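# Examination of the molecular architecture
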Amino acid sequence: MIDPFGRPITYLRVSVTDRCDLRCTYCMAEDMTFLPKRELLTLEELDRLCGAFIRLGTKKLRLTGGEPLVRRDVVRLVESLGQRLGQGLDELTLTTNGTQLAKHAAALRAAGVKRLNISLDSLDPARFRDLTRRGDIEVVLDGIFAAKAAGLAIRINAVAMKGVNEDEFDSMIGWCGEHGFDLCLIETMPMGEIDSYRSDQYLPISVVRGRLRKNWTLEDSDHRTGGPARYFNIRETGRRIGFITPMTHNFCESCNRVRLTCTGTLYMCLGQDDSAEFRPLLRAGASDDELESAIVAAIARKPKGHDFVIDRKRETPGVARHMSVTGG
Ligand code: SAM
Ligand code: SF4
């Protein structure tokens, strides 16, 4: 699948649920309303749609959410998607907050998952609880080390926030180095209403990178994982650091991704509202050919890029839906 701007679309992210057991302050409001469960695609419907994408050239699938591992029986979906590895699909991964990993890590590895992105915005237990409004860091750390023990490669994701965790990046680099994890720092994006001003939290990665160079030697790396992160090798730890910079450096020109929500809505861009609905088609008994034609038609509408802006004068979010709906 090639979009109108000549970009091959080979990467599908699937938000398997909009629900989450945490309420990270930058991601959700405290009193989030979640979708009624009847609106969700079943795991079988999700699997069928993913199959159609794979037949059309999707090489990489990432399950995300919300928190993907709080969806009941989601490991069943991972197992059935895992069967497609080597049959068109090259990689199956998840982005998770880690709270359920102690339970599921071994099954994920057995299903063919080799790598996980795990979100951890602070190593300080009290700060972690504040940031997530309820999380217990020990549970997440147990999950992270269970994933490591199961043989999964780990990238820790942290959203860089001014006045929140900006004093921790040096210690996080050290901690990741010690345990053999890569680290990725992400700029906050204006998606959905939260309970604070995004402009208060926004920290450009260009500023962070300048500060990190005081203590670490960042060497250019051409490592790519098929996503938007740009990587550097950290000479002192031997691990990588990635930066996701949707705000300071637009990553759209090399975009290879589209995103499917748990209700069967396909968003062709994280930062735009145009979408295509697959649930009515699935429930009307569409054939595989009809599903594939609908996917191709949607890709033909993929826009050039997002137009996120974060500033004091424009505090309405760039897009109204939360990252947890579209899938980060
Ligand atoms: N619950 C899982 C987790 O936290 O990893 C998966 C879903 S979460 C929406 C995926 C990623 O999006 C996480 O790394 C999270 O930190 C990030 N994220 C959420 N809201 C964001 C925002 N407004 N700007 C930037 N990143 C955001
Ligand atoms: Fe949940 Fe992930 Fe959003 Fe945090 S970032 S509230 S863990 S979906």
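Note that the structure is predicted; figures quoted are calculated from it, not measured.

Before going further, it helps to spend a moment on the overall build of the protein chain. Check the secondary structure of the protein chain and you find 11 helices and 12 strands. Based on the C-alpha atoms only, the size of the protein chain along its principal axes is roughly 55 × 45 × 40 Å. The buried share of the protein chain, reckoned over its 328 residues, is 56%. Considering only contacts within the protein chain whose residues lie at least 6 apart along the sequence, 73% involve residues at least 24 apart. Per element, the accessible surface of the protein chain, about 13,700 Å² overall, is 49% carbon and sulfur. The distance from the centre of the 47 positive side-chain charges to the centre of the 45 negative ones in the protein chain is 2 Å.

We now examine the environment of T225. You can see T225 is positioned in the loop between β7 (218-220) and β8 (230-234). Sequence separation of T225 and K60 is 165 residues, and the distance between their C-alpha atoms is 9.8 Å. Among all residues touching T225, those that are not within four sequence positions of it are K60, E91, R115, R155 and Y231.

Counted according to the given criterion, the structure contains four aromatic pairs. Measuring from ring centre to ring centre gives 6.1 Å for F145 and F181, while their planes differ by 40 degrees; the resulting arrangement is tilted. With F145 in helix α5 (residues 137-149) and F181 in the loop between α6 (169-179) and β6 (182-187), this pair connects stretches of sequence that are 36 residues apart. Residue classification places F145 among the partly exposed residues on the basis of a relative accessible area of 31%. According to the relative accessible area criterion, F181 is buried, its value standing at 2%. What links up through ring pairs into an aromatic cluster is the set F145, W175 and F181. Across the ring face of F243, the terminal group of R209 is positioned such that the distance to the ring centre comes to 5.3 Å.

Within strand β4 (residues 115-119), four of the five residues are buried, which leaves it mostly tucked inside the rest of the structure. Across three bridges, the pairing between strand β3 (residues 91-96) and β4 is parallel. Counterpart to L94 in the pairing with β4 is L116. Crossover connection from β3 via helix α3 (residues 101-110) to parallel β4: handedness right-handed. By the bridge criterion, five bridges tie β4 to strand β5 (residues 153-160) in an arrangement that is parallel. Counterpart to R115 in the pairing with β5 is A153.

When a strand is regular, its side chains alternate between the sheet's two faces. Buried residues dominate β6, accounting for six of its six residues. Residues of β6 alternate between two faces, with D182, C184 and I186 on one and L183, L185 and E187 on the opposite face, all of them buried. By the bridge criterion, six bridges tie β5 to β6 in an arrangement that is parallel. By the bridge assignment for β6, A158 is matched with L185. Regarding topology, α6 serves as the crossover connection from β5 to the parallel β6, and that connection is right-handed.

Evaluated as defined, the whole model comprises zero disulfides. We note that C255 lacks a disulfide partner, and the nearest cysteine sulfur, in C252, lies 6.5 Å from it. On the basis of relative accessibility, which here comes to 11%, the residue C255 falls in the buried class.

Scoring rules and cut-offs
- Residues numbered from 1 in each chain as written.
- Chains lettered and ligands numbered in written order.
- Predicted model: local features only at pLDDT ≥ 70, side-chain atom pairs only at ≥ 80, totals over all residues.
- Heavy atoms only, no water.
- Helix = DSSP H or I, 4+ residues; strand = E, 2+ residues; numbered from the N terminus.
- Buried < 20%, exposed > 50% of the residue type's maximum accessible area, 1.4 Å probe, protein only.
- Contact = heavy atoms within 4.5 Å.
- Areas by Shrake-Rupley, 256 points an atom, 1.4 Å probe, with all protein chains shown as cover.
- Lys, Arg positive; Asp, Glu negative; His and termini not counted.
- Charge placed at Lys NZ, Arg CZ, Asp CG, Glu CD.
- Phe/Tyr/Trp six-rings, centres within 6.5 Å; stacked < 30°, edge-to-face > 60°.
- Lys NZ or Arg CZ within 6 Å of the ring centre and 35° of its normal.
- Pairing = 2+ DSSP bridges.
- Right-handed = clockwise from strand over helix to strand, strands pointing away.
- Disulfide = S-S within 2.5 Å.

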